[in-house]
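Architecture and fold: a report
If you want the building blocks of each chain, they are given just below.
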Amino acid sequence: MNSITSFETLDKAIRLAGGKPTVLEALWDGDTSGWYLYLNIHVIIKKLFTIKKEVKYLGTISVGGDIRLFNGTVPPWPEAELAKEWGKMANEKYGLMFYFPSDKEPDSDCPGWEQRHLAIQCADCAKMVIPTNSPYLPKEICYGCHLKRKFNDKIKNAEPYDDGINMYMVKNEEYNHIGYSSSFDGLPIAVFIDDIVQARREKGLVDIVTIDEPDISIIKEKIEQAIDEKVAIYKSAEFPPDFPEKFKSNIKRHTVEYNGNKFELIERLNEEHSKIDRLVRALEMVDKAISGNYSFKIFFKNGFTYRDDAVLRFVHFAGNGSSSLASIVQQYTVILTETEVRDTVLKMEKAGCLTLDGEIVQTTDVTKKLL
Ligand SMILES: [Zn+2]
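Residues numbered from 1 in each chain as written. Predicted model: local features only at pLDDT ≥ 70, side-chain atom pairs only at ≥ 80, totals over all residues. Heavy atoms only, no water.

**Details of the coordination of the zinc ion**
At the metal site, the zinc ion is ligated by Cys122 (SG), Cys125 (SG), Cys142 (SG) and Cys145 (SG), and these contacts range over 2.3 Å. One can describe the site at the zinc ion as tetrahedral: its four donor atoms subtend angles covering 101 to 117 degrees at the metal. In the primary sequence, the donor residues of the zinc ion line up as C-x2-C-x16-C-x2-C. In this pair, Cys122 sits in the loop between strand E5 (120–121) and strand E6 (128–129) while Cys142 sits in the loop between E6 and helix H4 (143–156), placing the two residues 20 residues apart along the sequence. Considered together, Cys122 and Cys142 belong to a single accessibility category, that of buried residues. (Donors = N, O, S within 2.8 Å, 3.2 Å for Na, K, Ca; no water. Tetrahedral: all angles 85-135°; square planar, octahedral: opposite > 155°, others 65-115°. Helix = DSSP H or I, 4+ residues; strand = E, 2+ residues; numbered from the N terminus. Buried < 20%, exposed > 50% of the residue type's maximum accessible area, 1.4 Å probe, protein only.)

Quick look at the structure:
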């Protein structure tokens, strides 16, 4: 794959294509490592008695997925920004048309320059797309807008949504975040605290379960028992004789200590080693709680909906903890009525997540720990 990394590399590829360039097109495609843009040039080649149109592939613009994964925010799609900049430069230099049907986000359903007549305009975002032939998808909108509509429907219909459990190590007002999981079972320590947690859940809208002594010491015993069972059958991982030398450095190892014994663990590739690793970490956490006089607090949602979640997130993130009722209504206009917004705010006030003072809505400390 030819990489386009600057306007100069693009310009060189255009010149190598030959002929008179008329249209430069940028289209999205994706593979397992993520989305990329590929660029084609439409040229007219004049010979003595003939005029021929040709389309030539120039190369791809790919910034790679890593940057986005680490940012963890809304993808800025730097490829699109680069393509727009270079497309403009190519337009100025050659007078060609720069055709980029999805310049805001990746979409592989957009028509190429010569398929434009087959396309429709998305009813929601006005982008040109080739209509889907799937019987399960709407024909009048693009896939991105379809997902947006589905999500908005969940908000509109107030579908249940209690996902997201946060765990903290707590002393007085000091909260240390030690774990997040979409469900309780996903917490590494869940299996050791399940009975305590189930017995103490009050099933209020926000459930905060506190675990302190003597329960933490009992949990510690259970974890130690589980580690004892695992290390009794511990086997160190040796490379098989035919393991390729060049891959050996890719295999990461680290050593953990338990009861004065050291165990070398392979990262990720060995299920038994991973279990020991998780248990030893859980034990460290529990030891830290015991020696520092900390309790554990686990925050559960109970009876939340997508609508509650959306309103909470809007006030917390977009409004930085404070917002007027009117701006929430404005944000969810078309999806929710003013009454529905007010009812949601009142429900979240009852849950201890929002306060309503006149028209001003604010998040509480509970919200910060819950989201
Ligand atoms: Zn759309």
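Having seen it, we continue.
**Some thoughts on the domain arrangement of the protein**
Assigned domains within the protein: domain 1 (7–111), domain 2 (119–156), domain 3 (165–300) and domain 4 (305–370). Each of domain 1 and domain 3 has a C-alpha centre, and the two are 48 Å apart. (Domains from an automatic or database assignment.)

**Some remarks on the pairing of strand E11 (residues 261–266)**
Both strand E10 (residues 253–258) and E11 contribute to a ladder of six bridges, which runs antiparallel. Its bridge partner being in E11, His254 is matched across the sheet by Leu265. The turn linking E10 back onto E11 is made up of two residues, and Asn259 within it adopts a positive phi angle of 50 degrees. (Pairing = 2+ DSSP bridges.)

**A look at the sheet that holds strand E14 (residues 354–357)**
Strand order across the open sheet formed by three strands is E13-E15-E14, with antiparallel pairing between neighbours. Each having just a single partner strand, strand E13 (322–324) and E14 make up the two edges of the open sheet. Averaged over all neighbouring strand pairs, the angle between strand axes comes to 25 degrees, with direction disregarded. Bridge count for E14 against strand E15 (residues 360–363) is four bridges, and the pairing is antiparallel. Considered in E15, the bridge of Leu356 is made with Val361. Relative to E15, helix H9 (residues 306–318) is tilted by about 90 degrees, and along the sheet it contacts E13, E14 and E15. Relative to E14, helix H11 (residues 338–350) is tilted by about 120 degrees, and along the sheet it contacts E14 and E15. (Axes fitted to C-alpha atoms, helices over the stretch in contact; angles between N-to-C directions. Contact = heavy atoms within 4.5 Å.)

**Section: helix H6 (residues 215–232)**
The end-to-end C-alpha distance of H6 is 26 Å, a good match for the 26 Å that 18 residues give at a rise of 1.5 Å each. Those residues of H6 not exposed but buried are Asp215, Ile216, Ile219, Ile223, Ala226, Ile227 and Val231. With its buried residues spanning 140 degrees around the axis, H6 presents them on a single face. Opposite the packed face of H6, turned more than 90 degrees from it, sit the exposed residues Glu221, Glu229 and Ala232. (Expected span 1.5 Å × (residues − 1). Arc of directions from axis to C-beta.)

**Brief notes about the pairing of strand E8 (residues 174–181)**
Pairing of strand E7 (residues 165–171) with E8 involves seven bridges; the strand directions are antiparallel. Looking at the pairing, Asn166 lines up with Tyr180 of E8. Between E7 and E8, which pair antiparallel and follow one another directly, the connecting turn spans two residues, one of which, Asn172, has a positive phi of 50 degrees.

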